[in-house]
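Structural description and commentary
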Amino acid sequence: QVQLVESGGGLVQAGGSLRLSCSASGLPFSSYTMGWFRQAPGKEHEAVAVIIWRGENTYYSDSVKGRFTISRDNAKNTVYLQMNSLKPEDTAVYYCAGRYQLRNEFTVESRYNYWGQGTQVTVSS
């Protein structure tokens, strides 16, 4: 049974930092492209950051580029999202998602077949 479990969300002041973790089980993690998506109230899912399954390429949305960093530790079956210089507009539920050897359309949520339950990030002004 595949499970993705996010942790690390919370309440932080603008300008602060948080590190999200997504622990995976039941799948060959090193062969999975992993993405972080977020959904704010009244808004669509947004692909925030993606790390390709070989870990050689990453993607960031323009809204987080330069502030967020995605990384993975295949030995721990975990993907991370380090979020710095947080802004109130970063407030959302953050989800991790995975798809086996995904290399194309990796910002499209329908391309992912495994999802975590989400973790709330709230940034106060």
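Bear in mind the structure is a predicted one, so any value in this text is a computation, not a measurement. (Residues numbered from 1 in each chain as written. Predicted model: local features only at pLDDT ≥ 70, side-chain atom pairs only at ≥ 80, totals over all residues. Heavy atoms only, no water.)

**Considerations on the nonpolar core**
Counting residues in hydrophobic clusters, the biggest one holds 28 residues, and the most contacted among them are Trp36, Leu81, Met83 and Tyr94. For this core, the elements supplying multiple residues, two or more each, are strand E3 (18–25), strand E4 (32–39), strand E5 (46–51), strand E7 (68–73), strand E8 (78–83), strand E9 (92–100) and strand E11 (119–124). Among the elements that make up this core, the one with the highest residue count is E3 (four residues). The contacts of Leu81, once residues within four sequence positions are left out, are Leu18, Arg19, Leu20, Trp36, Val48, Ala49, Phe68, Thr69, Ile70 and Tyr94. Counting residues in hydrophobic clusters, the runner-up holds eight residues, among them Phe37, Ala47, Ile52 and Ala97. (Core = buried A, V, L, I, M, F, W, Y, C linked by side-chain atoms within 4.5 Å. Buried < 20%, exposed > 50% of the residue type's maximum accessible area, 1.4 Å probe, protein only. Helix = DSSP H or I, 4+ residues; strand = E, 2+ residues; numbered from the N terminus. Contact = heavy atoms within 4.5 Å.)

**A closer look at the pattern of salt bridges**
The tally for this structure, following the rule as stated, stands at five salt bridges. Residue Asp90 is joined to Arg38 by a salt bridge in which the shortest nitrogen-to-oxygen separation is 2.9 Å. You can see Asp90 sitting in the loop between E8 and E9 and its partner Arg38 sitting in strand E4, a full 52 residues away along the chain. As far as burial versus exposure is concerned, Asp90 and Arg38 are alike and both buried. Connected through shared salt-bridge partners, Arg38, Glu46, Arg67 and Asp90 make up one network. (Salt bridge = Lys/Arg side-chain N within 4 Å of Asp/Glu carboxyl O.)

**Digging into the environment of Val108**
With respect to the element layout, Val108 can be found in the loop between E9 and strand E10 (114–115). By relative accessible area, which is 33% here, Val108 ends up partly exposed. Separated by 101 residues in the primary sequence, Val108 and Ser7 place their C-alpha atoms 23 Å from one another.

**Observations concerning the environment of Asn113**
If you trace the backbone, Asn113 turns up in the loop between E9 and E10. Judged by relative accessible area, which is 42%, Asn113 ranks as partly exposed. Measuring from C-alpha to C-alpha, the distance between Asn113 and Arg99 comes to 5.8 Å, with 14 residues separating the pair along the chain. Ignoring sequence-local partners within four residues, the contact set of Asn113 consists of Gly98 and Arg99.

**Brief notes about unusual backbone geometry**
The phi angle at Ser85 is positive, at roughly 50°, despite the residue not being glycine. Along the chain, Ser85 turns up in the loop between E8 and E9.

**Points about the sheet that holds strand E1 (residues 3–7)**
Read across the open sheet, the four strands follow the order E1-E3-E8-E7; overall the sheet is antiparallel. Each having just a single partner strand, E1 and E7 make up the two edges of the open sheet. Pairwise comparison of adjacent strand axes, ignoring direction, gives a mean angle of 15° for this sheet. As defined by bridge partners, E7 adjoins E8 across six bridges and the pair is classed as antiparallel. (Pairing = 2+ DSSP bridges. Axes fitted to C-alpha atoms, helices over the stretch in contact; angles between N-to-C directions.)

Geometric descriptors of this kind do not, in isolation, establish any biological role.
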